Amino acid sequence: YLSKTISNMKKVRILILLVLLSQIASVNMSAYDFKSGGIYYYIGENNTVSVTSGDTKYTGDVVIPQQVRYNGTTYSVTSIGDWAFYKCSRLISLKIPNSVTHIGYASIYATGITRLQLPINLMHIEFAGLAENRILNMLFIPQTVSKIESAGLLRYGCELRDTARIAFLSETPPSVSTRFFMDDAADADSLVIYVPNSALSRYQTASYWIKYRDKLR
């Protein structure tokens, strides 16, 4: 009983954080430096840009380029910024270039994507970075990802009975701050987590991952 109460308290805390994040998003969204090819960008350091949100939400099929030119300067696209595709429910597909190494807070959140291949150089997924994508049924996470922040793949308010397949390509189980699923994900009947055959035993015995040992393939 005590462990269940503690688990519920943790879930409530995460839900509260997500509500607060959504309120912050309403203030921070639409902060961009320029728009090119239907995509909004924020200029960073060393001629890099982050994909961000803009005046209208993204819809349909979005293909992000590795580089974009603006005012005579060529920029490398290295990040999917915070809130970039937040609640873009009419976004059908998203192609992310291999130049991207970082996925920000709630950046691909509650979209209409069903399948997502993350870039091969991705290293970090921030809090709720891929959360609430309720019809996403296939997700590939590359071997370069070393850390997933708490609730990185969170699906609050529902079980993962229709999000069935997630493939982790890393030989080393990624570090997870707290959890990337709610606890009930471990009980989702259809959830399957694919890992390299040579690394299966490491995932099955690794801290945090051990709770998913029956879902690992």
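Residues numbered from 1 in each chain as written. Predicted model: local features only at pLDDT ≥ 70, side-chain atom pairs only at ≥ 80, totals over all residues. Heavy atoms only, no water.

The next thing to look at is the overall build of the chain. Of the regular secondary structure elements, the chain holds 2 helices and 15 strands. In the chain, which comprises 217 residues, the proportion classed as buried is 49%. Summarising the internal contacts of the chain: among those between residues at least 6 apart in sequence, 52% fall at separations of at least 24. Surface accessibility of the chain: about 10,600 Å² in total, with carbon and sulfur atoms responsible for 51%. (Helix = DSSP H or I, 4+ residues; strand = E, 2+ residues; numbered from the N terminus. Buried < 20%, exposed > 50% of the residue type's maximum accessible area, 1.4 Å probe, protein only. Contact = heavy atoms within 4.5 Å. Areas by Shrake-Rupley, 256 points an atom, 1.4 Å probe, with all protein chains shown as cover.)

With that settled, the discussion passes to the pattern of salt bridges. Enumeration over the complete set of coordinates arrives at 1 salt bridge. Two residues, Arg202 and Glu171, come together in a salt bridge whose shortest N-O distance is 3.0 Å. You can see Arg202 sitting in helix 2 (residues 200-205) and its partner Glu171 sitting in the loop between strand 13 (165-168) and strand 14 (175-176), a full 31 residues away along the chain. (Salt bridge = Lys/Arg side-chain N within 4 Å of Asp/Glu carboxyl O.)

It is worth spelling out the environment of Gln117 at this point. Secondary-structure assignment places Gln117 in strand 9 (residues 115-117). Residue Gln117 is classed as partly exposed on the basis of its relative accessible area of 42%. For Gln117 and Leu94, which are 23 residues apart along the polypeptide, the C-alpha to C-alpha distance reads 8.5 Å.

On to the environment of Lys95. Along the chain, the position of Lys95 falls in strand 7 (residues 91-95). For Lys95, a relative accessible area of 57% corresponds to the exposed category. On a C-alpha basis, the gap between Lys95 and Asp61 in space is 8.2 Å, while along the polypeptide they are 34 residues apart. Setting aside anything within four residues of it in sequence, one finds Lys95 in contact with Val62, Val63 and Ile64.

Note on placement: Arg69 falls in strand 5 (residues 67-70). Judged by its relative accessible area of 53%, Arg69 falls in the exposed class. A C-alpha to C-alpha distance of 8.3 Å links Arg69 and Ser36, two positions 33 residues apart in sequence. Among the polar contacts listed, one links the side chain of Arg69 to the backbone oxygen of Gly72, at a separation of 3.0 Å. A distance of 2.7 Å separates a polar atom in the side chain of Arg69 from a polar atom in the side chain of Thr74. (Polar contact = N/O pair within 3.5 Å; in protein donor to acceptor, adjacent residues only side chain to side chain.)

Taken in spatial order, the 4 strands of this open sheet run 9-11-13-15, and their pairing is parallel. Lying at the two open borders of the sheet, with one neighbouring strand each, are strand 9 and strand 15 (192-194). The sheet shows a mean angle of 15 degrees between the axes of neighbouring strands, taken without regard to direction. The sheet contact formed by strand 11 (residues 138-141) and strand 13 spans 4 bridges and is parallel. Following the sheet pairing, Met138 is matched in strand 13 by Arg165. (Pairing = 2+ DSSP bridges. Axes fitted to C-alpha atoms, helices over the stretch in contact; angles between N-to-C directions.)

This part covers the packing of aromatic side chains. Counted by the stated rule, this structure contains 10 aromatic pairs. Ring plane angle 25 degrees and centroid distance 4.9 Å describe the contact between Tyr86 and Tyr109, whose orientation is recorded as stacked. One end of the pair, Tyr86, is in the loop between strand 6 (73-80) and strand 7; the other, Tyr109, is in the loop between strand 8 (102-103) and strand 9, with 23 residues separating them in the sequence. Consider the rings of Tyr203 and Trp209, whose centres lie 5.0 Å apart with planes at 85 degrees: the pair is edge-to-face. Residues Tyr203 and Trp209 agree in their burial class; the two are buried. An aromatic cluster is defined as three or more aromatic residues linked by ring pairs; in this entry it consists of Tyr32, Tyr40, Tyr58 and Phe85. (Phe/Tyr/Trp six-rings, centres within 6.5 Å; stacked < 30°, edge-to-face > 60°.)

Before going further, it helps to examine the nonpolar core. Core analysis: the largest hydrophobic core is formed by 46 residues, its most contacted members being Val51, Ile64, Ile80, Phe85, Ile108, Leu116 and Leu118. Elements represented by at least two residues in this core include exactly strand 2 (39-43), strand 3 (48-52), strand 6, strand 7, strand 11 and strand 13. Other than its neighbours up to four places away in sequence, Phe85 contacts Val51, Tyr58, Val62, Ile64, Ile80, Leu91, Leu94, Ser107, Ile108, Tyr109 and Thr111. Grouped together as the second largest cluster of nonpolar side chains are 8 residues, Trp83, Tyr86, Ala110 and Ala128 included. (Core = buried A, V, L, I, M, F, W, Y, C linked by side-chain atoms within 4.5 Å.)

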